[in-house]
Number of protein chains: 2
Amino acid sequence: MGRNATAEKLLVAASELMIQRSSIEISLSDIAQKSGANAALVKYHFGNKDGLLLALLARDAATEVTNLEYLLAQPISPTAKLKLHINGIIRAYYRFPYMNRLIHYLLHESSAEAADEVSKFFVAPLLDFHRRLLEEGVAKGEFRVVDPVLFYTSLIGACDHLFFGRHAMSRAIGVGPVTDDVCRQYIAHMEALICGGIVKGANGE
Amino acid sequence: MGRNATAEKLLVAASELMIQRSSIEISLSDIAQKSGANAALVKYHFGNKDGLLLALLARDAATEVTNLEYLLAQPISPTAKLKLHINGIIRAYYRFPYMNRLIHYLLHESSAEAADEVSKFFVAPLLDFHRRLLEEGVAKGEFRVVDPVLFYTSLIGACDHLFFGRHAMSRAIGVGPVTDDVCRQYIAHMEALICGGIVKGANGE
């Protein structure tokens, strides 16, 4: 088995373990056992556990970035693209619950080098997508002019908070967990908020 | 000096140190030295450092909750209250840079008990404020019907991300730090987003 095939097997094992346990707290020996590979191979391929976590997030981010390019090229209106994008972010966080935890861990609790890597392969392409989508929306007369960095911050912050902030709410004050139904409701809420806001007078309802 | 006066001095010393160092990584002995009190008094009043951090956040949250009640009682429109509230959240995070870090630390990296406390004295009153403000807006015909938990998640997530997510952006991909000017821009962005959205067709521009 070549280098890439083994590395890929280790990443698959790591992601399956994180989904099973609803946690990113997994050990190198758990990953090795699950994948059937020797624990030394994790070090050989990724250096250490943070290296493996970074590679896992990079793998998932690459899929999402491909989806962004595909979305931007579709023959639909900027508003329709924006709605599909909101749907896509929330669905991706829901399908890969560890992604949100990994981003927080690698950006804030790991090394500065790991945080820089995440910025480059995750934050930068997403910000670039927002910039181009907003430009297209303005050019086609659909969007008012919006600063892409501020837009990125508000949209990603709001989506992230459903998954990162929610468990703090659920534990002590009786707000339920994030189910498929809550996701659907939040997608509808964010679409309505981002597209039309909540003030009736402002959007002519 | 009575118990409360000493405890208050320790909290003031802790908050001043966090502002000076732009970090919540401060030691008990630093706090003791800064306040002129004995380090054993920290343990006497707060149990341990997490107890002191929790008391500090509770002190600041109490001020903010008082402000929310004051705002709700003002003889102005729900839309005007909502705009002042957005302004208030972003300004509070900007004035007390450690507040955002403390919330994240106590909710996610400390004990379950600390997280429950933060939910009760910080999340619950803010959610209750949103519920009442949204009800008032709907009753007066200004807002469309919005779920308060979803609204809380999106507004707080978006405001939080300016302060928590921004340094990851600034380091690697050339987005500048959060200055007074960036705060002003983000307040305007969030007001426009929450009140009117970004789609021109939807808000009649």
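Residues numbered from 1 in each chain as written. Chains lettered and ligands numbered in written order. Predicted model: local features only at pLDDT ≥ 70, side-chain atom pairs only at ≥ 80, totals over all residues. Heavy atoms only, no water.

An unreviewed UniProt entry lists chain A under the name TetR family transcriptional regulator, from Bradyrhizobium oligotrophicum S58.

### A closer look at the packing of helix 5 (residues 78–95) of chain A against helix 8 (residues 148–164) of chain A
All names here are of chain A. The criterion, for reference: In this analysis, axes come from line fits to C-alpha atoms, helices being fitted only over the stretch in contact, and the angle between any two N-to-C directions falls in the range 0 to 180 degrees. Only DSSP runs of H or I with at least four residues qualify as helices, and only runs of E with at least two residues qualify as strands; both kinds are numbered from the N terminus onward. Two helices crossing with the near one rotated counterclockwise from the far one by less than a right angle form a left-handed crossing, whereas a clockwise rotation gives a right-handed crossing. The criterion used for residue contact is that any of the two residues' heavy atoms lie within 4.5 Å. Ten residues, namely Ala, Val, Leu, Ile, Met, Phe, Trp, Tyr, Cys and Pro, are considered nonpolar, four, namely Asp, Glu, Lys and Arg, are considered charged, and the remaining ones, Gly among them, are considered polar.
Contact pair helix 5 / helix 8: the axes reach a minimum separation of 10 Å and the direction vectors enclose 35°. When the axes of helix 5 and helix 8 are compared, the crossing they make is right-handed. Mapping the contact onto sequence places Leu82, His85, Ile86, Ile89, Ile90, Tyr93 and Tyr94 in helix 5 and Phe151, Leu155, Ile156, Cys159, Asp160, Leu162 and Phe163 in helix 8. Looking at the contact of helix 5 with helix 8 residue by residue, the classes come out as 12 nonpolar, one polar and one charged.

### Some remarks on a negative patch on the surface
Going by this rule: Candidate patch residues must exceed 30% relative accessible area and have no salt bridge, after which like charges are joined if within 9 Å and Val, Leu, Ile, Met, Phe, Trp or Tyr side chains if within 5 Å. Areas reported here follow the Shrake-Rupley algorithm with a probe of radius 1.4 Å; residue values treat only the protein chains shown as occluding. Think of a salt bridge as a Lys or Arg side-chain nitrogen and an Asp or Glu carboxyl oxygen that are within 4 Å of each other. Just so you know, the count uses Lys and Arg for positive and Asp and Glu for negative, and it drops His and the chain ends. Here the site of a charge means atom NZ of a Lys, CZ of an Arg, CG of an Asp or CD of a Glu. A simple rule labels every residue: compare its accessible area, found with a 1.4 Å probe on the protein chains alone, to the largest value its type can have, and call it buried under 20%, exposed over 50%, or partly exposed in between.
Together, Glu25 and Glu109 of chain A together with Glu25 and Glu109 of chain B make up a negatively charged patch on the protein surface. Along the polypeptide, glutamate 25 of chain A turns up in the loop between helix 1 (3–21) and helix 2 (28–35). Overall, the relative accessible area of 59% leaves glutamate 25 of chain A in the exposed class.

### Some thoughts on the interface of chain B and chain A
For clarity, the threshold we go by: By definition, the buried area sums, over both parts, the 1.4 Å-probe accessible area that each loses when the two are put together.
Counting residues at the interface gives 57 residues for chain B and 57 residues for chain A. Carbon and sulfur atoms supply 68% of the area buried between chain B and chain A, which totals about 5000 Å² over both sides. Counting the surface chain B buries against chain A, the share from its top three residues, Arg144, Leu150 and Ile198 of chain B, is 16%. Where chain B touches chain A, the interface holds zero salt bridges. Looking at the side of chain B that touches chain A, the element that brings in the most residues is helix 8 (residues 148–164) of chain B, giving 12 residues. Grouping the constituent residues of the side of chain B that touches chain A by class yields 31 nonpolar, 17 polar and nine charged.

### Observations concerning the relation of the copies chain B and chain A
Both copies of the chain are placed relative to one another by a rotation about an axis and a shift along it. Short version of the rule: Copy-to-copy alignment: least squares on C-alpha atoms, limited to residues at pLDDT 70 or above in both.
In screw terms, the move from chain B to chain A is a rotation of 180° and a rise of 0.0 Å along the axis, fitting with an RMSD of 0.0 Å. On this basis, the relationship between the two copies can be described by a two-fold rotation axis. Interface overlap between copies: 100% of the residues of chain B at the interface are likewise at the interface in chain A, consistent with a symmetric, same-surface contact.

### Here's the deal with helix 3 (residues 39–46) of chain A
All names here are of chain A. Going by this rule: Arc, as used here, means the arc of the directions from the helix axis to the C-beta atoms. Two N or O atoms count as a polar contact when they lie within 3.5 Å, although within protein this holds only if one can serve as hydrogen donor and the other as acceptor, and sequence-adjacent residues are included solely when both atoms are side-chain atoms.
By the burial criterion, the buried members of helix 3 are Val42, His45 and Phe46. Around the axis of helix 3, the buried residues are gathered within 80° of arc, so they sit on the same side. Facing away from the buried side of helix 3 by over 90 degrees, the exposed positions are Lys43 and Tyr44. Sitting at the head of helix 3, asparagine 38 places a side-chain oxygen 2.7 Å from the backbone nitrogen of alanine 40.

### Some thoughts on the nonpolar core
For clarity, the threshold we go by: Nonpolar core, defined: a set of buried Ala, Val, Leu, Ile, Met, Phe, Trp, Tyr and Cys residues in which side-chain atoms within 4.5 Å join the residues together.
Ile90 and Ile198 of chain A together with Ile90 and Ile198 of chain B are the most contacted members of the largest nonpolar core, which totals 138 residues. If we skip the residues at most four places from it in the chain, isoleucine 90 of chain B touches Cys159, Leu162, Phe163, Cys183, Tyr186, Ile187 and Met190 of chain B.

### Thoughts on the packing of aromatic side chains
Our working rule: Centre distance within 6.5 Å is the pairing criterion for rings of Phe, Tyr and Trp, where only the six-membered ring of Trp is used; planes under 30 degrees apart are then read as stacked, over 60 as edge-to-face, and the remainder as tilted.
With the rule as written, the count across this model stands at four aromatic pairs over all chains. Relative to phenylalanine 163 of chain A, the ring of tyrosine 93 of chain A lies with its centre 5.5 Å away and its plane at 50°, an arrangement referred to as tilted. Taken together, the residues span a long stretch of sequence, with tyrosine 93 of chain A in helix 5 and phenylalanine 163 of chain A in helix 8 at a distance of 70 residues. We classify phenylalanine 163 of chain A as buried; its relative accessible area is 17%. When the centroid spacing of 6.2 Å and the interplanar angle of 65° are considered together, the rings of phenylalanine 96 of chain B and tyrosine 98 of chain B count as edge-to-face.

### As for the UniProt feature "DNA-binding region" (unreviewed entry) in chain A
Let me state the cut-off plainly: UniProt positions are given in the numbering used here, feature names are shortened, and annotations may be inferred rather than shown by experiment.
According to UniProt, the feature "DNA-binding region" (unreviewed entry) maps to residues 27–46 of chain A in the numbering used here. Here residues 27–46 of chain A is 80% helix and 0% strand, with 14 Å between the C-alpha atoms at its ends.

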